[in-house]
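So the chains spell out like this:
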Amino acid sequence: MKKYRLEPAQTSGAPPSHTGSFPLTAAAMAANKSPTPTLTIMACRMTDYGPFTRVKRGMGLDRANRFLDHGNYLAYGLAATAAWVLGIPHAFAVMHGKTRRGGLVFDVADLIKDAVIMPEAFLGAMRGDSEQEFRKACIDVLTRTEALDFMLDTLKEAARSEGVLA
């Protein structure tokens, strides 16, 4: 089980040019392998969530972890739909490795998880949403942001740039 601890006060990965209370700069994003830890710290701070440890695979007991898992599964569903609509095998892997079943679904879901799912998960946790209220809020924001259209457009553009799609 992959586990990483994120405290709202943690800024050790921030570059020297960091000013203010959030390390959201191009340098800070480039310093991390993934922007997710930096964005998670920001979400904790912006919602006054408090100390947070990301625990995956349904093992987290707090609302934010449960909502992140729940929202990510919604993103995986949209990603699988996007691949299916375009006739691309969902098991085709780009970033998540060739041995991981459903790799493309994870890759495509990553397009929206940090920008759409994460903020909604922390907001829902702070509002005290039930699972059903969070699910509705998440579906509303996925619809409002046209997440499926974004996934479809991104997949088509990637296929075009590789000469797979005319």
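On a predicted model such as this, the values are computed, not experimentally measured, just so you know.

A.B. asks: Honestly, the overall build of the chain in this entry has me stumped. Any pointers?
C.D. replies: The helix and strand inventory of the chain stands at six helices and two strands. The secondary structure elements of the chain, listed N-terminal to C-terminal, are β-α-α-β-α-α-α-α. Look at the contacts in the chain between residues 6 or more apart in sequence, and 64% of them connect residues 24 or more apart. A total accessible area of about 9800 Å² is found for the chain, and carbon and sulfur atoms account for 59% of it.

A.B. asks: I keep staring at the environment of V116 and nothing clicks. Help me out?
C.D. replies: As for its position among the elements, V116 is in helix α4 (residues 103-127). Residue classification places V116 among the buried positions, given a relative accessible area of 10%. Separated by 29 residues in sequence, V116 and T145 have C-alpha atoms that sit 8.0 Å apart. In this structure V116 touches V141, L142 and T145, once residues within four positions along its chain are discounted.

A.B. asks: Explain the side chain of D129 to me, please; I cannot follow it from the model alone.
C.D. replies: Following the sequence through the fold, D129 ends up in the loop between α4 and α5 (131-144). With relative accessibility at 8%, the residue D129 sits in the buried group. Side chain to side chain, D129 and R127 meet in a polar contact 2.7 Å long. Discounting chain neighbours no more than four positions away, the residues touching D129 are R63, F67, G124 and F134.

A.B. asks: What's the story with the side chain of R54 in this structure? I'm lost.
C.D. replies: The residue R54 is located in strand β2 (residues 52-55) in this model. Reaching out from R54, the side chain makes a polar contact with the side chain of N65 at a distance of 2.9 Å.

A.B. asks: Help me understand a nonpolar patch on the surface in this model?
C.D. replies: Taken together, the side chains of W84, V85 and L86 make up a nonpolar region of the molecular surface, amounting to roughly 340 Å² of accessible area. Among the structural elements, L86 can be located in the loop between α3 (63-85) and α4.

Procedures and definitions
- Residues numbered from 1 in each chain as written.
- Predicted model: local features only at pLDDT ≥ 70, side-chain atom pairs only at ≥ 80, totals over all residues.
- Heavy atoms only, no water.
- Helix = DSSP H or I, 4+ residues; strand = E, 2+ residues; numbered from the N terminus.
- Contact = heavy atoms within 4.5 Å.
- Areas by Shrake-Rupley, 256 points an atom, 1.4 Å probe, with all protein chains shown as cover.
- Buried < 20%, exposed > 50% of the residue type's maximum accessible area, 1.4 Å probe, protein only.
- Polar contact = N/O pair within 3.5 Å; in protein donor to acceptor, adjacent residues only side chain to side chain.
- Patch = residues over 30% accessible without salt bridge, like charges linked within 9 Å, V, L, I, M, F, W, Y side chains within 5 Å.
- Salt bridge = Lys/Arg side-chain N within 4 Å of Asp/Glu carboxyl O.

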